[in-house]
Amino acid sequence: MQRIVVLTGAGISQESGLQTFRGPDGLWNHERIEDICTPQGFARDPLRVDRFYNGLRAQLPSVHPNAAHRALAILEQAGRNGDWPGHLTIITQNIDDLHERAGSRNVIHMHGELLRLRCTHCHATPAWHTDCTPDTPCPDCGAAALRPDIVWFGEMPYHMEAIAQRLAACDLFVAIGTSGVVYPAAGFVDSVADHADTMLFNLEAPSGRSAFDQTILGPATRTVPAWTRDLLNA
């Protein structure tokens, strides 16, 4: 059985219309990282941080999974049904829910989820689809101690033990639409070099020497469905 781990970044969701954080028109060009995406920024001005993530959350219903999201979901489903002799795990740096809406079930959100909050008092992580303010009570304990369930700069990404297990067991590692500069995700390709083939799907070739065995350039909505069709028809 082939075991594939796919790492997805902002590039795959950008084709659905979601603005990336980095890049020429990225969100970080309009907001300071220190103000919006750090524990210290939240402590200084929680209302500003809540408003930023409320805005991102409100955008989600207007965007939809694209062909790349759907292709990964089809491949995963084929493995569950026995139509393809493989197993697919998606590790995503994205905080949107587009993989799930496309039909993927085996998704690990290493940077958290926009549609969840985290209570700093009781540690509950309730699903959340509306606005939140510093006065919003936790539905579990009632404390006004909710924050976005997002991994901010300076915090440890989620599910690192499970991710390490998937990486250690895979024989193919694929990165799609990721800048390759944010650690620890940027180091995943090196961690599998001794036991897995590696592929990068991106709009642009990496600068300098690539750590990937194969790089496929072009929009993910075109390149990823072509790749998954080849796997299913092999």
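Residues numbered from 1 in each chain as written. Predicted model: local features only at pLDDT ≥ 70, side-chain atom pairs only at ≥ 80, totals over all residues. Heavy atoms only, no water.

A. Expanded view of the side chain of S13. Along the polypeptide, S13 turns up in helix α1 (residues 10-14). A polar contact of 3.4 Å, which involves the side chain of S13, links it to the side chain of N94. Apart from residues no more than four positions distant in its own chain, S13 is found in contact with L18, H69, N94, D96 and L98. (Helix = DSSP H or I, 4+ residues; strand = E, 2+ residues; numbered from the N terminus. Polar contact = N/O pair within 3.5 Å; in protein donor to acceptor, adjacent residues only side chain to side chain. Contact = heavy atoms within 4.5 Å.)

B. The nonpolar core, seen in detail. Formed by 21 residues in total, the largest nonpolar core has its most connected members in I4, L72, V174, I176, V224 and W227. Mapped onto this core, the elements with two or more residues apiece are β1 (2-8), α5 (67-81), β2 (86-92), β6 (172-176), β7 (197-202) and α9 (220-233). Of the residues forming this core, the biggest block, five residues, is contributed by α5. Setting aside chain neighbours within four positions, we find I176 in contact with V6, L7, T8, G9, I12, L72, F201, A220 and V224. (Core = buried A, V, L, I, M, F, W, Y, C linked by side-chain atoms within 4.5 Å. Buried < 20%, exposed > 50% of the residue type's maximum accessible area, 1.4 Å probe, protein only.)

C. Structural detail: the packing of α5 against α9. At a closest axis distance of 7 Å, the pairing of α5 and α9 adopts a crossing angle of 20 degrees. The angle between α5 and α9 places the two elements in the roughly parallel class. Two packed elements cross with a definite hand, and for α5 against α9 that hand is left-handed. Residues A67, A68, A71, L72, I74, L75 and A78 of α5 form the contact with α9, whose participating residues are A220, T221, V224, P225, W227, T228, L231 and L232. Considering only residue class, the contact of α5 with α9 consists of 13 nonpolar, two polar and no charged. (Axes fitted to C-alpha atoms, helices over the stretch in contact; angles between N-to-C directions. Parallel < 35°, antiparallel > 145°, perpendicular 65-115°, else oblique. Left-handed = near helix turned anticlockwise from the far one by under 90°. Nonpolar A, V, L, I, M, F, W, Y, C, P; charged D, E, K, R; others polar.)

D. Summary view of the UniProt feature "binding site: NAD(+)" (unreviewed entry) in the protein. With numbering matched to this structure, UniProt assigns "binding site: NAD(+)" (unreviewed entry) to Q93, N94, I95, D96, G177, T178, S179, N202, L203, E204 and A220. Across 128 residues of sequence, these annotated residues are also dispersed in space, with a maximum C-alpha separation of 23.0 Å. Structurally, the position occupied by D96 is in the loop between β2 and α6 (98-102). Looking at D96, the relative accessible area reads 7%, which means it is buried. Once residues within four sequence positions are removed from consideration, D96 is found in contact with S13, L18, L60 and H109. Polar contacts involving the side chain of D96 include one to the side chain of S13, which spans 2.7 Å. (UniProt positions renumbered as here; feature names shortened; annotations may be inferred.)

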